[in-house]
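One letter stands for each residue in the lines below.
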Amino acid sequence: SFWIFLTGAYNTFIFATLITKAFRWKGVKYIRTAGSGLTLVHASRIAQIAKMEVRLERSPNLGQLDGAKLIYAINHKSVFDFCLAPLAYLKENADGSAAGFIPLSLVAKDHFKDNFFLYRVMGLGQALEAWGMIFVDRKSKKSDMANRAKEAVSLAAKKLLTSQTPFSIYPQGTRARGQKDRYGERWDAGYFCVGNKERLK
């Protein structure tokens, strides 16, 4: 309902504001830890508002992979993927507190930086910027777009190789359109489910 959407948007605004303020107060190192805890609170709140049952299956235990280079590939079926992903990333310190586990991500520049509402009003783009996420320009001319996308991927690879920070990607690059196979089952987690309707035909 509209009320659920409004409540979720308000909670996201509060979350983004806290992340941005944490960055201004203490810098990016601080929000890697404090922000990780905040993302868990936000994910839990969004699940509560939407009345979801969330089941998490993780293998292997991420706590046993110290020193490994981690890349999370997330199927992008809905806006909830972005909100609930921290539940899958969770990594704990020995005392049970949340470690700085939030990975760097490639995020759409047109959604989070060029969109006035998401960037300025909601503050989500500013929070992602403060966190050091890599913005991908998907709206340039075709001749420029390939080069800019390549630059973003090169920067992501460099950050992954030179730090212990994990990385997450949404391989489809955008939310997948709901498709059905010939048996009527949903089939919407691959490249063939993204793009404009003409391409999908």
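Everything quoted here is computed from the prediction, not taken from an experiment.

Q: For the packing of helix H1 (residues 2-26) against helix H6 (residues 124-131), give the residues involved together with the corresponding values.
A: H6 packs onto H1 with a crossing angle of 35° between their chain directions and a minimal axis gap of 8 Å. Between H1 and H6 lies a crossing of left-handed hand. Residues Thr 12, Phe 15, Ala 16, Ile 19, Thr 20, Phe 23 and Arg 24 of H1 touch H6, and the partners they reach there are Leu 124, Gln 126, Ala 127, Ala 130 and Trp 131. Within the contact of H1 with H6, the residues separate by chemical class into eight nonpolar, three polar and one charged.

Q: Before we move on, could you go through the packing of aromatic side chains and cite the residues and values that matter?
A: Enumeration over the complete set of coordinates arrives at three aromatic pairs. Their ring planes at 55° and their centres at 4.7 Å tell us that Tyr 72 and Tyr 89 sit as a pair that is tilted. A residue pair is termed long-range when its members are at least 10 positions apart, and Tyr 72 in strand S1 (residues 71-73) and Tyr 89 in helix H3 (residues 80-89) qualify at 17 residues. Take Tyr 72 and Tyr 89: they sit in the same class, and that class is buried. Sitting over the face of the ring of Tyr 30, Lys 26 holds its NZ or CZ atom 5.8 Å from the ring centroid. Cation over ring: Lys 113 sits above Phe 135, and NZ or CZ is 5.0 Å from the ring centre.

Q: Residue-level account of the pairing of strand S2 (residues 104-108), with values.
A: Within S2, four of the five residues are buried, leaving the element largely enclosed by the surrounding structure. Across two bridges, S2 lies against strand S4 (residues 167-169) in parallel orientation. Residue pairing for S4: Ser 105 is matched across the bridge by Ser 168. The pairing of S2 with strand S3 (residues 134-136) spans three bridges and is classified as parallel. From the neighbouring strand, Ala 108 faces S3, where its bridge partner is Val 136.

Q: Please provide a residue-by-residue account of helix H2 (residues 28-49), values included.
A: The end-to-end C-alpha distance of H2 is 29 Å, a good match for the 32 Å that 22 residues give at a rise of 1.5 Å each. Residue Ala 34 marks the point of greatest curvature in H2, where the axis turns by about 35°. Turning to H2, its buried residues are Ile 31, Arg 32, Gly 35, Ser 36, Thr 39, Leu 40, His 42, Ala 43, Ile 46, Ala 47 and Ile 49. Summarising the contacts, the buried residues of H2 are in contact with H1, H3, S2 and H6. Looking one or two places after H2, you find Lys 51, whose phi comes out positive at around 55°.

Q: Got a sec to walk through the pattern of salt bridges? Specific residues and values, please.
A: For side chains bearing opposite charge, pairing can occur when the charged atoms are close. For the coordinates displayed, the defined rule picks out three salt bridges. Across the pair Glu 129 and Lys 113 runs a salt bridge whose closest N-O atoms are separated by 3.0 Å. Taken together, the residues span a long stretch of sequence, with Glu 129 in helix H6 and Lys 113 in the loop between helix H4 (109-112) and helix H5 (116-121) at a distance of 16 residues. By relative accessible area, which is 32% here, Lys 113 ends up partly exposed.

Q: Tell me what's going on with the side chain of Ser 105, and back it up with residues and numbers.
A: If you trace the backbone, Ser 105 turns up in strand S2. There is a polar contact of 2.5 Å between the side chain of Ser 105 and the side chain of Ser 168. The contact partners of Ser 105, leaving out residues within four places of it in the chain, are Met 133, Ile 134, Phe 167 and Ser 168.

Q: Hey, could you go over H3 for me, with residue numbers and the actual values?
A: Counting buried positions along H3 yields seven of ten residues, so the element is predominantly enclosed. Listed as buried for H3 are Asp 81, Cys 83, Leu 84, Ala 85, Pro 86, Leu 87 and Tyr 89. For H3, the elements touching its buried residues are H2, S1 and S4.

How each quantity is defined
- Residues numbered from 1 in each chain as written.
- Predicted model: local features only at pLDDT ≥ 70, side-chain atom pairs only at ≥ 80, totals over all residues.
- Heavy atoms only, no water.
- Axes fitted to C-alpha atoms, helices over the stretch in contact; angles between N-to-C directions.
- Helix = DSSP H or I, 4+ residues; strand = E, 2+ residues; numbered from the N terminus.
- Left-handed = near helix turned anticlockwise from the far one by under 90°.
- Contact = heavy atoms within 4.5 Å.
- Nonpolar A, V, L, I, M, F, W, Y, C, P; charged D, E, K, R; others polar.
- Phe/Tyr/Trp six-rings, centres within 6.5 Å; stacked < 30°, edge-to-face > 60°.
- Buried < 20%, exposed > 50% of the residue type's maximum accessible area, 1.4 Å probe, protein only.
- Lys NZ or Arg CZ within 6 Å of the ring centre and 35° of its normal.
- Pairing = 2+ DSSP bridges.
- Expected span 1.5 Å × (residues − 1).
- Bend = angle between axes of the 7 residues up to and from the residue.
- Salt bridge = Lys/Arg side-chain N within 4 Å of Asp/Glu carboxyl O.
- Polar contact = N/O pair within 3.5 Å; in protein donor to acceptor, adjacent residues only side chain to side chain.

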